Amino acid sequence: MGCDGGTIPKRHELVKGPKKVEKVDRNAELFAKWKYCALSQEKLKRPIVTCELGRLYNKDAVIEYLLDKTTERPNTEVVSHIRGMKDIKELNLTDNPEWEGEGRTSKGDRYEDMHCAMFICPVVGLEMSGKHRFCYLQTCGCVFSDRALREVKSEICHKCGEQFKVEDIVVLNGTKDDVEKLKGRMEEKRAQAKTKKSKKNKVTETVVKVSELKAPVQAPDVAAGPSGSTSSSIAKGAKAAAASISKRSYQEMGEKSEVFKSLFTTHTSAKRTKDQTSNWVTHTPYHF
């Protein structure tokens, strides 16, 4: 059982105190965020995309998730806000010239920086390893360090030349406060888009109703008789209405001249006298 042979235990050996809070290694956390996909936990490789909350993903992993959401995958709560391809943006990254890739051979005869990043800021040259704050532009997807955007203030992208606003700047892998702000901005933007879409639908419905009111009135439906000839009676009524509209007498054309009226067979100049008419009936009207 112990405590024999004159052993005198101390208090801290017998009384268990509260457990110490385990602290997460800062370097390990940064390494996981900036070098691994937030969804598949695989190493980041081009093409790399991000969401409106600033998380980094492999594009193929996000596409697989969107194609089949029923499959049980880990970390699906990270992409629960992604509804489609419009909610992600492919990043335009700048390669680090000092990055030798994963396939380099290590001989152990030189110092190797394990925290060397694959990408850098194209303006000030800072490595995108998590030690420095990085942002991307929602308009073009170019990535810069926060220091570059603060020191070189401009409304034109430093890399591609496309215009952007302050609202288009999104922090990559930001803190909890940054994520909360981005989430509020995302919800507000989606609410505005939903309101705009509903207003557009209302305007479209109004235009359709007005066009229906201006449309010509169709022949009324006739109740079916004992023989059930509803369709035939409707067709006859429509035909009679069309015939009455098409048959217009030239006398109603008061604004037309006599020369124009003489072109019609109902004009007095086109009528035959009694001497010109025959007293027999033939099968053709052109025989006299």
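Just above sits the structure.
Structure report, in brief. None of the values given here were measured: they were computed from a predicted structure. (Residues numbered from 1 in each chain as written. Predicted model: local features only at pLDDT ≥ 70, side-chain atom pairs only at ≥ 80, totals over all residues. Heavy atoms only, no water.)

**Topic: the overall build of the protein chain**
So, point 1. In terms of regular secondary structure, the protein chain is built from seven helices and eight strands.
So, point 2. Relative to its full complement of 288 residues, the protein chain shows a buried share of 25%.
So, point 3. Relative to all contacts within the protein chain whose residues are 6 or more apart in sequence, the contacts with residues 24 or more apart total 46%.
So, point 4. Roughly 22,200 Å² of accessible area belongs to the protein chain as shown, and the carbon and sulfur atoms make up 54% of that amount. (Helix = DSSP H or I, 4+ residues; strand = E, 2+ residues; numbered from the N terminus. Buried < 20%, exposed > 50% of the residue type's maximum accessible area, 1.4 Å probe, protein only. Contact = heavy atoms within 4.5 Å. Areas by Shrake-Rupley, 256 points an atom, 1.4 Å probe, with all protein chains shown as cover.)

**Here we look at the side chain of Asn96**
So, point 1. On the secondary structure map, Asn96 appears in the loop between strand S4 (94-95) and strand S5 (119-120).
So, point 2. The buried category is assigned to Asn96, whose relative accessible area is 7%.
So, point 3. A polar contact of 2.9 Å, which involves the side chain of Asn96, links it to the backbone oxygen of Ala117.
So, point 4. At 3.4 Å, the side chain of Asn96 and the side chain of Glu127 are in polar contact.
So, point 5. Among all residues touching Asn96, those that are not within four sequence positions of it are Cys116, Ala117, Met118, Phe119, Ile120 and Glu127. (Polar contact = N/O pair within 3.5 Å; in protein donor to acceptor, adjacent residues only side chain to side chain.)

**Quick word on the sheet that holds strand S1 (residues 48-50)**
Where strands meet in a sheet, backbone hydrogen bonds hold them as pairs that are either parallel or antiparallel.
So, point 1. Overall, antiparallel pairing links the three strands, which are arranged S2-S1-S3 in an open sheet. Pairing within the sheet leaves two strands with one partner each, and these edge strands are strand S2 (56-58) and strand S3 (89-90).
So, point 2. Bridge count between S1 and S2: three bridges; the pairing is antiparallel. If you follow Ile48 over to S2, its bridge partner there is Asn58.
So, point 3. Most of the contacts of helix H3 (residues 59-67) go to S2, to which it runs at about 80°, and overall it touches S1, S2 and S3. (Pairing = 2+ DSSP bridges. Axes fitted to C-alpha atoms, helices over the stretch in contact; angles between N-to-C directions.)

**Some details on the pairing of strand S6 (residues 134-137)**
So, point 1. Neither face of S6 is left uncovered, since the one carrying Phe134 and Tyr136 and the one carrying Cys135 and Leu137 both have all their residues buried.
So, point 2. Where S6 and strand S7 (residues 143-145) come together, three bridges link them in antiparallel fashion. Bridge pairing in S7 places Cys135 opposite Phe144.
So, point 3. Between the end of S6 and the start of S7, which pair antiparallel, lie five residues, with Gly141 showing a positive phi angle near 85°.

**Here we look at helix H2 (residues 26-35)**
So, point 1. Where H2 is concerned, the buried positions are Leu30, Trp34 and Lys35. Burial along H2 is one-sided: seen end-on, the buried residues are contained in an arc of 95°.
So, point 2. Tucked inside the fold, the buried residues of H2 contact S2 and S6. (Arc of directions from axis to C-beta.)

**Points about empty space enclosed by the protein**
So, point 1. Counting across every chain of the model gives three cavities of 30 Å³ or more.
So, point 2. In this structure, the second largest cavity occupies an estimated 50 Å³ of space.
So, point 3. Partitioning the lining of the second largest cavity into residue classes produces five nonpolar, one polar and one charged. (1 Å grid on protein atoms, 1.4 Å probe; cavity = no way out; pocket = protein on both sides within 12 Å on 5 of 7 lines; lining within 4 Å. Points joined across faces, edges and corners; volume = space filled by probe spheres on them. Nonpolar A, V, L, I, M, F, W, Y, C, P; charged D, E, K, R; others polar.)

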